[in-house]
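Each chain, letter by letter, is given below.
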Amino acid sequence: MKLAFLGLGVMGYPMAGHLAKAGHDVTVYNRTAAKADAWVKEHGGKRAASPAEAARDAAIVLMCVGNDADVRAVAAGPEGAFAGMQRGAILVDHTTASAELARALEGEAKGRGVGFLDAPVSGGQAGAVNGRLTVMAGGEEAAFRVAEPVMRHYGQAVTLMGPAGSGQLTKMVNQIMIAGLVQGLAEGLNFAQRAGLDGRKVAEVVGKGAAQSWQLDNRAATMLEGKFEFGFAVNWMRKDLGICLAEARRNQAQLPVAALVDQFYQRVQDRGGGRWDTSSLIQILAKP
Ligand SMILES: NC(=O)c1ccc[n+]([C@@H]2O[C@H](COP(=O)([O-])OP(=O)(O)OC[C@H]3O[C@@H](n4cnc5c(N)ncnc54)[C@H](OP(=O)(O)O)[C@@H]3O)[C@@H](O)[C@H]2O)c1
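Peer 1: Tell me about the overall build of the protein chain, and please be specific about residues and values.
Peer 2: Helix and strand counts for the protein chain stand at 14 helices and nine strands. Here the protein chain has a C-alpha radius of gyration of 20 Å; the compact-globule value for 288 residues is 19 Å, and the two agree. For the C-alpha atoms alone, the extent of the protein chain along its principal axes is close to 65 × 45 × 35 Å. In the protein chain, which comprises 288 residues, the share counted as buried stands at 51%. Excluding contacts between residues fewer than 6 apart, the proportion of contacts in the protein chain whose partners are at least 24 apart in sequence is 66%. Accessible surface computed for the protein chain: about 13,300 Å², of which carbon and sulfur atoms make up 53%.

And the structure:
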C-alpha cells in the first residue's frame, strides 16, 4: 500500500519502520529533516519536504506529533496533509490530543472527501519499537476497516471505540487511571523505605497479590533507585492530564486525584524533571 507517515519522533520513527518492514511503500515527513534522512537510510522509502507532498499519492496518511497545535500545523494549511490528500484517502492521527480536535478534523476531512480516525496509542517507546502498542480509535467503521490491518503492524490491540473523538476519550481514561496508580505506587514505595523495609522485597511480595500492576512490575525497582529515564515524560503527561481536566469540565466528571497528581507533576517540572519519566512522582516524596 502507498502510505505516508508524518512525525518521526520517539513513537513515530519505529511505528513507520514497522510499516516499511511489512513491505508497504512509505513516504515520510519530519519537521527536522535530518530524522527523515536517517529513517530513509535505515528503512528505504522516500522523504518528502512537506506533509502535503508526503500525502499526495498515499491511500493512508498516518501521523504522530506532539499536541493539538502540532496536529493542526501538520494537517492544515497549504503545506498540510489535507492539502495533498486525494479523495477517498484516510488520515489517521496517532497523537494524543483532544476529542474536540478529533471531531473538528473529521469535519474537515468529510468536506474534502477523505476519511479520518483519531487513534492515540498506549505502550510507550518499548511498545512502538516492539510493535506491541494498544491503539484506541474513533471514527467511521468503513475507514477503520481499511486502516486496521495497517495499524496492526505496530498494534497488538487495535480497537474502534466509537465515533470521532472516542479514541482520544479512551486514551484520557487510560491516563486518568495511570495518574492515580503511579502516585499510589510512589507513596507505598516511599513508605516502605522510610519504614526500614527492603523496598525491592516489598515490591516483589505485594506484586504477587492484589497490589500488582504493570507500573509496579516495570517501574518499582527503578523508582527505588531514583532512576527516571524509562519512557513517558512528565511534560507529555501534563499535556495529557490538561486534556483530561478540560474534558472533565465539559462532561462534569470529577477528577480530584488526577487534578492533584497533575500538581505533583508540576512540582517535578519545577525541579527540572520535565523529561523524567512519570514514575518520578516518588522523588517529590523522597526529597520533599
Ligand atoms: N513517548 C511515549 O512514550 C508516548 C506514549 C504514548 C503516546 N505518546 C504520544 O505520542 C505523541 C508523540 O510522542 P513522541 O514521544 O513520539 O514525541 P517526540 O519524540 O517529541 O516527537 C514528536 C514528533 O512530532 C514532530 N512535531 C512536533 N510538533 C510539530 C509541529 N508543530 N510541526 C511539525 N512536526 C512537529 C516532531 O518533529 P521534530 O523532529 O522536528 O521535533 C517529532 O517528529 C504525543 O502526542 C505523545 O503524547 C507518546
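Peer 1: Can you tell me about the side chain of S50, naming the residues and giving the values?
Peer 2: Position of S50 among the secondary structure elements: in the loop between β3 (46-47) and α3 (51-55). For S50, the contacting residues outside a window of four places in its chain are Y29 and E79.

Peer 1: Let's hear about the site of the ligand: which residues, and what values?
Peer 2: Taken together, 24 residues lie around the ligand, and N30, T32, K35, G66 and K239 are the ones closest in. Between an oxygen atom of the ligand and a main-chain N or O atom of M11, the distance comes to 2.9 Å. Contact distances for the ligand include 3.2 Å between an oxygen atom and a side-chain N or O atom of W236. Expressed as a share of its isolated accessible area of 910 Å², the protein-covered part of the ligand is 87%. For the shell around the ligand, the secondary-structure elements that each account for two or more residues are α4 (68-75), α7 (124-130) and α12 (234-251). Sorting elements by how many residues they give to the shell around the ligand places α4 first, with three residues. Of the residues in the shell around the ligand, the class split is 10 nonpolar, nine polar and five charged.

Peer 1: Provide a residue-level description of the side chain of S280, including the pertinent values.
Peer 2: Position of S280 among the secondary structure elements: in the loop between α13 (256-270) and α14 (281-286). Given the relative accessible area of 0%, S280 is considered buried. Residue contacts for S280: discarding those within four places in its chain leaves F228, V234 and V268.

Peer 1: Requested: an account of the packing of aromatic side chains, with residues and values cited.
Peer 2: Taken as a whole and assessed by the stated rule, the structure comprises one aromatic pair. Note on F228 and W276: the rings are 5.6 Å apart at their centroids and 35° apart in plane angle, and the pair reads as tilted. Taken together, the positions of F228 in the loop between α11 (214-225) and α12 and W276 in the loop between α13 and α14 put the pair 48 residues apart, joining distant regions of the chain. Assessed through its relative accessible area of 5%, F228 is described here as buried. Seen from the ring of F232, K171 lies directly overhead, with NZ or CZ sitting 5.9 Å from the centre.

Peer 1: Outline the pairing of strand β4 (residues 60-63), listing residues and values.
Peer 2: Because side chains alternate across β4, one face comprises the buried residues I60 and L62, and the other comprises V61 and M63, equally buried. Summarising the sheet, strand β1 (residues 2-6) and β4 pair through four bridges and their orientation is parallel. Across the sheet, the residue bridging to F5 is L62, located in β4. Sheet analysis places β4 next to strand β5 (residues 90-93), joined by four bridges and oriented parallel. In the sheet register, V61 faces β5, and the bridge partner there is L91.

Peer 1: Which residues make up the nonpolar core, and what values go with them?
Peer 2: The nonpolar side chains of soluble globular proteins are, as a tendency, buried together. By size, the foremost hydrophobic cluster in this structure holds 32 residues, and its most contacted members are F5, L62, V92 and M151. At the level of elements, β1, α1 (12-21), β2 (25-29), α2 (33-43), β4, β5, β8 (133-139) and α8 (141-151) are the ones that each hand at least two residues to this core. Excluding residues that lie within four positions of it along the chain, M151 makes contacts with V92, H94, L117, A119, V135, F144 and V158. Membership of the second largest hydrophobic core comes to 29 residues, among which are A186, V234, Y265 and L281.

Peer 1: Explain the packing of helix α9 (residues 166-194) against α13 to me, using residue names and the numbers behind them.
Peer 2: Relative orientation of the contacting elements α9 and α13 amounts to 65°, with a least axis distance of 9 Å. Crossing of α9 over α13 shows left-handed handedness. Judged by residue contacts, A179, G180, V182 and Q183 of α9 engage V257, V261, F264 and Y265 from α13. Looking at side-chain class alone, the contact of α9 with α13 contains six nonpolar, two polar and no charged residues.

Peer 1: For α2, give the residues involved together with the corresponding values.
Peer 2: What α2 keeps buried is the set A36, W39 and H43. Buried residues of α2 fall within an arc of 60° about the axis and therefore sit on the same side. In this structure, α2 carries A34 and K41 as exposed residues pointing more than 90 degrees from its buried face. Elements in contact with the buried residues of α2: α1, β2 and β3. Note on α2: the residue one or two positions beyond its end, G44, has a positive phi of about 80°.

Here is what the cut-offs are and how they apply
- Residues numbered from 1 in each chain as written.
- Predicted model: local features only at pLDDT ≥ 70, side-chain atom pairs only at ≥ 80, totals over all residues.
- Heavy atoms only, no water.
- Helix = DSSP H or I, 4+ residues; strand = E, 2+ residues; numbered from the N terminus.
- Rg over C-alpha atoms; globule rule 2.2 N^0.38 Å.
- Buried < 20%, exposed > 50% of the residue type's maximum accessible area, 1.4 Å probe, protein only.
- Contact = heavy atoms within 4.5 Å.
- Areas by Shrake-Rupley, 256 points an atom, 1.4 Å probe, with all protein chains shown as cover.
- Near = heavy atom within 4 Å.
- Polar contact = N/O pair within 3.5 Å; in protein donor to acceptor, adjacent residues only side chain to side chain.
- Nonpolar A, V, L, I, M, F, W, Y, C, P; charged D, E, K, R; others polar.
- Phe/Tyr/Trp six-rings, centres within 6.5 Å; stacked < 30°, edge-to-face > 60°.
- Lys NZ or Arg CZ within 6 Å of the ring centre and 35° of its normal.
- Pairing = 2+ DSSP bridges.
- Core = buried A, V, L, I, M, F, W, Y, C linked by side-chain atoms within 4.5 Å.
- Axes fitted to C-alpha atoms, helices over the stretch in contact; angles between N-to-C directions.
- Left-handed = near helix turned anticlockwise from the far one by under 90°.
- Arc of directions from axis to C-beta.

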